[in-house]
Amino acid sequence: MHDTAPALDDLLRSVRSDPLERLRWIVSRAFSVPVWSLRDLPDDEILLSGVHLILDLQSHDPGDPSDESGMNPAFDQRLFTQRKTGKSL
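Residues numbered from 1 in each chain as written. Predicted model: local features only at pLDDT ≥ 70, side-chain atom pairs only at ≥ 80, totals over all residues. Heavy atoms only, no water.

(A) Focus on a nonpolar patch on the surface. On the surface, Leu8, Leu11, Leu12 and Val15 cluster together to form a nonpolar patch covering roughly 330 Å² of accessible area. Taking relative accessible area as the criterion, leucine 12 reaches 36% and is therefore assigned partly exposed. (Patch = residues over 30% accessible without salt bridge, like charges linked within 9 Å, V, L, I, M, F, W, Y side chains within 5 Å. Areas by Shrake-Rupley, 256 points an atom, 1.4 Å probe, with all protein chains shown as cover. Salt bridge = Lys/Arg side-chain N within 4 Å of Asp/Glu carboxyl O. Buried < 20%, exposed > 50% of the residue type's maximum accessible area, 1.4 Å probe, protein only.)

(B) Structural context of the confidence of the model for the protein chain. Averaged over the protein chain, the pLDDT score is 80; the fraction of residues at 70 or greater is 79%. Summarising per-element confidence for the protein chain, the mean pLDDT is lowest in helix 4 (residues 77-85) (79) and highest in helix 2 (residues 19-30) (90). (pLDDT = per-residue confidence, 0-100. Helix = DSSP H or I, 4+ residues; strand = E, 2+ residues; numbered from the N terminus.)

(C) Summary view of the side chain of serine 28. Looking at the element boundaries, serine 28 is found in helix 2. Residues contacting serine 28, with those up to four places away along its chain left out, are Val33, Pro34, Val35 and Leu38. (Contact = heavy atoms within 4.5 Å.)

(D) Representation of the pattern of salt bridges. One pass over the full model with this rule turns up four salt bridges. Of the charged contacts, one joins glutamate 21 and arginine 24 as a salt bridge, the two residues approaching to 3.7 Å between their closest N and O atoms. Taken together, the residues glutamate 21 and arginine 24, both in helix 2 and three residues apart, mark about one turn of the helix. On the basis of relative accessibility, which here comes to 26%, the residue glutamate 21 falls in the partly exposed class. For arginine 24, a relative accessible area of 6% translates into the label buried. One salt bridge connects aspartate 43 with arginine 24, and the closest N-O pair in it is separated by 3.1 Å.

(E) Fine view of the environment of leucine 38. Tracing the backbone through its elements, the reader meets leucine 38 in the loop between helix 2 and helix 3 (43-59). For leucine 38, a relative accessible area of 10% corresponds to the buried category. For the pair leucine 38 and serine 28, spaced 10 residues apart in sequence, the C-alpha separation works out to 7.3 Å.

Shown next, in the form of structure tokens:
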């Protein structure tokens, strides 16, 4: 059995030294898309997505049940449920 600690340390150092790649990973997780799908996205688009993510997080108060800042104002829960279940409400 060989020691993988040096390889892991090298990988961690590599990721830490590339903040844009780290942001790409965070954006991919936040928007539920595979990180490889963002590889062709220009760096400025990744930065802009990161800024929007920060703004969304700053504007949302998790302690306020009436805060709908994270919701799409055009979303209709009744219509969604109706279409999902196939039943008329």
